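# Analysis of the macromolecular model
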Amino acid sequence: MINPFLNDERKAFHDSVAKFLEAEIWPHVDDWDEAGDYPQEVNEKICQLGVFGFNIPEQYGGLGFDDAHMRKASAVEMGRSSAGGVMASVGSRSIMLKPLTELATDEIKNRVLPELLSGRKGGALGITEPGGGSDVARMKTTARRDGDEWVLNGQKMFITGGMQASYFVIGARTGGDDPKNSGMHGISLFFVEADTPGFSRTPIERKMGWWASDTATLYFDECRIPASHIMGEENKGFFAIMDNFNYERFMMAAQMCGMSMRLFDECVAYAQTRETFGETLISHQVIRHKLADMSARIDAMDAYLNQVAEIMNTDKRPVAEISKLKFYCSTNLEWIASAAMQIFGGAGYLRGNAVERIYREVKVQAIGGGSEEIMRDLAMKQMGL
Ligand SMILES: Cc1cc2nc3c(=O)[nH]c(=O)nc-3n(C[C@H](O)[C@H](O)[C@H](O)COP(=O)(O)OP(=O)(O)OC[C@H]3O[C@@H](n4cnc5c(N)ncnc54)[C@H](O)[C@@H]3O)c2cc1C
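What this report covers is the structure whose coordinates are included nearby. (Residues numbered from 1 in each chain as written. Predicted model: local features only at pLDDT ≥ 70, side-chain atom pairs only at ≥ 80, totals over all residues. Heavy atoms only, no water.)

What follows is about the packing of aromatic side chains. For the structure shown, the criterion picks out 10 aromatic pairs. Arranged with centres 6.5 Å apart and planes meeting at 50 degrees, the rings of Trp32 and Tyr38 form a pair that is tilted. As far as burial versus exposure is concerned, Trp32 and Tyr38 are alike and both buried. For the pair Phe168 and Phe199, a centre-to-centre distance of 5.1 Å together with 45 degrees between the ring planes defines the contact as tilted. (Phe/Tyr/Trp six-rings, centres within 6.5 Å; stacked < 30°, edge-to-face > 60°. Buried < 20%, exposed > 50% of the residue type's maximum accessible area, 1.4 Å probe, protein only.)

Per the counting criterion, the structure on display carries 27 salt bridges. For Glu34, the salt bridge goes to Arg351, with nearest N and O atoms at 2.7 Å. Taken together, the positions of Glu34 in helix H2 (residues 29-35) and Arg351 in the loop between helix H10 (319-344) and helix H11 (354-360) put the pair 317 residues apart, joining distant regions of the chain. Taking the shortest distance from any N to any O, the salt bridge between Glu222 and Arg144 comes out at 3.1 Å. You can see Glu222 sitting in strand S7 (residues 215-226) and its partner Arg144 sitting in strand S2 (residues 142-146), a full 78 residues away along the chain. Residue Arg144 is classed as partly exposed on the basis of its relative accessible area, which comes to 39%. (Salt bridge = Lys/Arg side-chain N within 4 Å of Asp/Glu carboxyl O. Helix = DSSP H or I, 4+ residues; strand = E, 2+ residues; numbered from the N terminus.)

Another aspect to go through is the site of the ligand. In the vicinity of the ligand, 19 residues are found, and the nearest of them are Thr128, Gly133, Ser134, Phe158 and Ser371. One of the side-chain N or O atoms of Thr128 is found 2.7 Å from a nitrogen atom in the ligand. Interatomic distance of 2.8 Å between a side-chain N/O atom of Glu373 and an oxygen atom of the ligand. For the ligand, the protein covers 65% of the area, taking 970 Å² as the surface of the free molecule. (Near = heavy atom within 4 Å. Polar contact = N/O pair within 3.5 Å; in protein donor to acceptor, adjacent residues only side chain to side chain. Areas by Shrake-Rupley, 256 points an atom, 1.4 Å probe, with all protein chains shown as cover.)

Put into structure tokens, the structure is as follows:
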């Protein structure tokens, strides 16, 4: 596919990410997945690529500029690596960096951002609760003001990177009983450090996919943090959460495009060598048509991503487009992953290959960061319908 927005700088960035991941991650994905973990140094190596530094000033270790096309390129490559679990854990910092950079105090930013961006320390975002994730406005974790402190009580669930993170951005209800501050109008964001008394966490194991990632339940029991750790205006956190979701969803969509590209490449390679009925699989018209359909869907995802990236680069928030992009990519990935498994036949059912692994990781993309149903609803609302 021709990318009309590609230039030398973007191509060089894309190539450097691809080269690193192909050399340093691809050979280990199966082993790390089976082990349910990966070496800590991987965090630092991936962070050194600069993939999380967009729109963060250089003084904190960021890139000092933004470019949605480069963001897309890095996420596509992360998807193509088929190392969903590793990328989720390393990338968990990326979904808390925007609110941290825009809303935290200078003291927190100076101390924490360089550690997160260098990969020395991990970060995570805690929005979802045991009672639900789609309806963010009804979160139940509370924060009450007590003198110079905020006191947090409640639980967060499904928190990616939550066991290894040192720093968290947490959503909590601050609206109290005041009806004017109910629902979305009574939520604030807080910066919480892992060693704070009253904070604890336990791992969520036995997941369908993302085996190499850590996923945690977080507990806040009279957890006291300094008053200055509120991020942004009190009771205005919901809007910051929604704004932040746009970037997470865009990156997930790009990752899904990369996962689909990998599935296609794996299928072509397999179909060119596997023989049935005296011919290679790729000679059979049914298989050829499946591959053609896969390729067309990937081209459409890629073109859609480029279009949305271009709009994002003008500083606009194309919320409807990002919502549609996310479910467009997840429904296509679901189709492509299923077709790929079918092309692999029994071989795809065995562990230790990208096709099987990606098939297990489809649903977290279709549900996490805003499910397909919620994305469709949001798109309709944003279109005024
Ligand atoms: C592996 C993993 C990692 C995650 N990482 C993080 C993280 O780092 N931080 C974080 O905060 N969260 C994280 N999440 C949570 C994720 O964002 C939520 O799972 C997601 O938002 C859906 O919330 P839920 O699971 O509570 O489903 P629910 O909100 O209970 O919804 C259940 C189902 O009902 C559907 N549904 C809900 N409301 C409607 C409606 N009005 N109309 C039609 N259908 C509806 C949903 O689409 C979904 O299919 C993670 C989840 C997973 C599985």
